[in-house]
Amino acid sequence: MKELDSKKINRVGVLYGGVSAEREISLESGRAIIDACTRLGINVVDVEIGEEVIETITAANIDLAFIALHGGIGEDGRLQSLLEMMNIPYTGSEVQPSVIAMNKLISKRIWQGINLPTPRFYQLTVDSDFEKVLEDLGGSAIVKPANEGSSIGMAIVHSATELQKAFEQARQYDAAVFVEELLKGAEYTVGILSDEVLPAIKLETDNVFYDYDAKYISEDTRYICPCGLSSSKEREIKNLSRWAFDSLGCRGWGRVDLMMDENENFKVLEVNTVPGMTSHSLVPMAAKAAGYSFDELVSRILTSAASSK
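Undergrad: Where do I start with the environment of M259 in this structure?
TA: Summarising the element assignment, M259 is placed in strand β12 (residues 253-260). Its relative accessible area of 14% is what places M259 among the buried residues. Each C-alpha atom, one on M259 and one on I237, is 9.9 Å from the other, the two residues being 22 residues apart in sequence. Here M259 is in contact with L183, G185, A186, E187, N265, F266, K267 and L269, once residues within four sequence places are set aside.

The structure is reproduced here in structure tokens:
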């Protein structure tokens, strides 16, 4: 890779694993990235992260980090902050955008403040009037921990009793929990690769919603790309995704998840700053539709990280 050599990046470390609930997905992503780096002729180091994070990274003696840790320290800014202090350039968003994007509740408050369309929501507490909240959201809603990814801890509810129960379950994953209106339109995801917005993917599943099983396990989930939107709607979803990504200060690469409401208006759900790179993952699918192989995608992500420092 000439671009990496010109920046004197001679030893790339793929940071993966971790101790979050998404560890198994991270392991799969990391191995795929390591294989791609090997095929690209990059001097790549396997850096599996456990409890001893500082010691592990120091021992690896790397010039650039490809972050493939999903959830936990990989996405919430802590790892990015550590790498900054160690003067090691890394892929993806910097510290503050990582913190904000990881917290879906804060992200939604920012979007609400700039009139970027996102589903209506309430933060839940033990003192919430669950019946009134659910009524205000239309009688059906979805409960989410603020800082978990991969749909972990999420639940759809149709009654105040279900809402309170889902809140208690979600609190096991995160102290901050919110509930948002349940949209009934199609679900889409849009990859961001530096200055390029990749083709939108439409997601279809027979599950109740696009949950952990649909994302990583089921072979029946349908990924449609081209997604069937009109050219004007495709432009709209791309522009909205770019706006959402940039509004949080994100950089490099990532993924924006959206849904349509019953009137076919797009609503932004969240921004993912360290998307999956597995066989089921969405950014590699979108990149392929744009003409990039998996290896080319990895190369572009690394080159962007090297040139940003």
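Undergrad: Any chance you could explain the sheet that holds strand β6 (residues 155-157) here in plain terms?
TA: Two pairing modes exist for strands in a sheet, parallel and antiparallel, and in both the strands are linked by backbone hydrogen bonds. The strand order β4-β7-β5-β6 describes an open sheet built from four strands, whose pairing is antiparallel. The open sheet has two edge strands, β4 (121-124) and β6, and neither has a second partner. Going across the sheet, the axis of each strand differs from the next one's by a mean of 30 degrees, ignoring polarity. In this sheet, strand β7 (residues 177-181) lies alongside strand β5 (residues 141-145) in antiparallel orientation, the contact comprising five bridges. Residue pairing across strands places K144 opposite F178, the latter belonging to β7. Sheet contacts for helix α6 (residues 104-113): β4, β5 and β7; angle to β4, the most-contacted strand, approximately 140 degrees. Contacting β4, β5, β6 and β7, helix α8 (residues 160-170) crosses the sheet at an angle of about 15 degrees to β5.

Undergrad: Mind showing me how you'd approach helix α5 (residues 95-102) here?
TA: An α-helical turn contains 3.6 residues, so any two residues separated by three or four positions project in the same direction. When α5 is considered as a whole, its buried residues turn out to be P97, S98, I100, A101 and M102. Where α5 is buried, its residues meet α4 (78-85), α6 and β13 (266-272).

Undergrad: Where do I start with the pattern of salt bridges in this structure?
TA: A side chain of one charge can pair with a side chain of the opposite charge if their charged atoms are brought near each other. For the coordinates displayed, the defined rule picks out 17 salt bridges. For D76, the salt bridge goes to R78, with nearest N and O atoms at 2.7 Å. For R251, the salt bridge goes to E94, with nearest N and O atoms at 3.4 Å. Residue R251 is found in the loop between α10 (231-247) and β12, and its partner E94 is found in the loop between α4 and α5; the two are separated by 157 residues along the sequence. Overall, R251 belongs to the buried group, its relative accessible area being 17%. By sharing partners, the salt bridges in this structure join R120, E181, D261 and K267 into a single network.

Undergrad: I'm lost on the environment of N263 in this one. Help?
TA: Locating N263 in the fold gives a position in the loop between β12 and β13. Remark: the alpha-carbon pair of N263 and L240, spanning 23 residues in sequence, is separated by 17 Å.

Rules and cut-offs
- Residues numbered from 1 in each chain as written.
- Predicted model: local features only at pLDDT ≥ 70, side-chain atom pairs only at ≥ 80, totals over all residues.
- Heavy atoms only, no water.
- Helix = DSSP H or I, 4+ residues; strand = E, 2+ residues; numbered from the N terminus.
- Buried < 20%, exposed > 50% of the residue type's maximum accessible area, 1.4 Å probe, protein only.
- Contact = heavy atoms within 4.5 Å.
- Pairing = 2+ DSSP bridges.
- Axes fitted to C-alpha atoms, helices over the stretch in contact; angles between N-to-C directions.
- Salt bridge = Lys/Arg side-chain N within 4 Å of Asp/Glu carboxyl O.

So, to be careful, I would describe these as geometric facts and stop short of saying anything about function.
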